[in-house]
Structure formats: structure tokens, C-alpha cells
Amino acid sequence: MAEYILSAFADEAGKTPEEQIAALIDNGINYIEPRSFYGKGILTLTNEELYEIKKALDKANIKVNSLGSPIGKYPINDPFETHLTDFMRAIEICKILETSNMRMFSFYIPKGEDPKKYSDEVIKRMSALSNIAKENGITLVALVVTIIELLILKQQSEEQKI
């Protein structure tokens, strides 16, 4: 029989950790994929706020399945260095919340442009992020936007054995 973990975003049920935890408990869900608290994105929370959230989750026996990060949810032609700063913050948050999984996206391709034009840049960025994640014990869970991006990621993983 297949085993799986059912987790949920809970920020649509409330802004505070208490509201989100109550929604999870009411629905019999023991895992969360946090993306925001207090109306703030997960990457903008202070370490103090994150430790308080972790304490509340632990008290309710709720575990973090994956960090609901916005990493890669940027236009592909934005400077990559800015995103690396956000990515390193996301890794730090994974460690605080004791999860080894991070949700990410595969970058936005400009509307109306051929995705193949950006395949090398997508592979370059995804490779850099996956290497940093691997060094930090983090598994990236990539959400792809198009079939082309899925094929690019498949090719990347086969070529680089990621």
C-alpha cells in the first residue's frame, strides 16, 4: 500500500499560527507547508517569529512537510543574484522549521516568448539552486509551469544526476 503525507497550506484559513493550527487540527491534518504568517511572506519573517511559530507547531504536534517558498517565482530575466539571497534565507528557514523539503518554482518565461529560448538559463539556475540545496541537506520540490519546463528539468536531472 502506498504511503503518503497529507500536508496543507493553512494561511487561507487564518493569519496567525493559532488560526492555521486550528484549521489543520479541525481537518485532521498533521503537516503544514507554510508560506505566510501574520500576513507576511515566509521569507520576510524574523528568526524570532519563526522560532515562536515552530514552538506553537511543536506544541500542537504539527510538522512542517515542506517550506512553501516563493523561490523561482520570478521572471527568468531578473538578475539571479537577488534570488540567491532569498534562496539562502529559505534554506535558513528550513533549518529553523526542521524540514528538509522546499517548494520552488521554475521561473517565469516572458509571455508570448518561446520557452526553449530560456532553457539554458533555466537549467543553469535550477542547477545552481539544486547544488546549494544538496549541500545543505534540502530537497527541492519544483513546481513547473509548462510541459517544456518539465522536459527541461527531466533532461537536467538525467544529465547532472541531480
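To start, this report covers the structure provided alongside it. Note that the coordinates shown come from a computational prediction; the quantities given were computed from them, not determined experimentally. (Residues numbered from 1 in each chain as written. Predicted model: local features only at pLDDT ≥ 70, side-chain atom pairs only at ≥ 80, totals over all residues. Heavy atoms only, no water.)

1. Let's talk about helix 2 (residues 47-59)
The end-to-end C-alpha distance of helix 2 is 18 Å, a good match for the 18 Å that 13 residues give at a rise of 1.5 Å each. Three or more residues of helix 2 are buried, namely Leu50, Ile53, Lys54, Ala56 and Leu57. Looking straight down helix 2, one finds that the buried residues subtend no more than 165° of arc, so they occupy a single side. Seen from the buried face of helix 2, the exposed residues on the opposite side, beyond 90 degrees, are Glu48, Lys55 and Lys59. In this structure, the buried residues of helix 2 make contact with helix 1 (17-26), strand 2 (31-32), strand 3 (36-37), strand 5 (63-64) and helix 3 (80-96). (Helix = DSSP H or I, 4+ residues; strand = E, 2+ residues; numbered from the N terminus. Expected span 1.5 Å × (residues − 1). Buried < 20%, exposed > 50% of the residue type's maximum accessible area, 1.4 Å probe, protein only. Arc of directions from axis to C-beta. Contact = heavy atoms within 4.5 Å.)

2. Brief notes about the side chain of Arg125
Secondary-structure assignment places Arg125 in helix 4 (residues 119-135). For Arg125, a relative accessible area of 4% gives the class buried. With sequence-adjacent residues up to four places away left out, Arg125 is seen in contact with Pro75, Ile76, Asp78, Pro79, Phe80, His83 and Phe107.

3. Some remarks on the sheet that holds strand 1 (residues 7-8)
Here we have three strands laid out as an open sheet, ordered 1-2-5, and parallel in their pairing. Pairing within the sheet leaves two strands with one partner each, and these edge strands are strand 1 and strand 5. Across two bridges, the pairing between strand 1 and strand 2 is parallel. Residue pairing for strand 2: Ala8 is matched across the bridge by Ile32. (Pairing = 2+ DSSP bridges.)

4. Section: helix 3
For helix 3, spanning 17 residues, the distance from its first C-alpha to its last is 25 Å, which sits close to the expected 24 Å at 1.5 Å a residue. Of the residues making up helix 3, those classed as buried are Phe80, His83, Phe87, Arg89, Ala90, Ile91, Ile93, Cys94 and Ile96.

5. Description of the packing of helix 2 against helix 3
With their axes 10 Å apart at the nearest point, helix 2 and helix 3 run at an angle of 35° to one another. As helix 2 packs across helix 3, the resulting crossing turns out to be right-handed. Mapping the contact onto sequence places Asn47, Leu50, Tyr51 and Lys54 in helix 2 and Arg89, Glu92, Ile93 and Ile96 in helix 3. Looking at the contact of helix 2 with helix 3, its residues break down into four nonpolar, one polar and three charged. (Axes fitted to C-alpha atoms, helices over the stretch in contact; angles between N-to-C directions. Left-handed = near helix turned anticlockwise from the far one by under 90°. Nonpolar A, V, L, I, M, F, W, Y, C, P; charged D, E, K, R; others polar.)

6. Considerations on the packing of helix 3 against helix 4
Look at helix 3 against helix 4: their axes get within 11 Å of each other, and the N-to-C directions meet at 25°. The pairing of helix 3 with helix 4 is recorded here as roughly parallel in orientation. For the element pair helix 3 and helix 4, the recorded crossing hand is right-handed. Note on element contacts: helix 4 touches helix 3 through Arg125, Ala128, Leu129, Ile132 and Ala133, opposite Phe80, His83, Leu84, Phe87, Met88 and Ile91. Partitioning the contact of helix 3 with helix 4 into residue classes produces nine nonpolar, one polar and one charged. (Parallel < 35°, antiparallel > 145°, perpendicular 65-115°, else oblique.)

The values reported here are purely geometric and, on their own, carry no functional implication.
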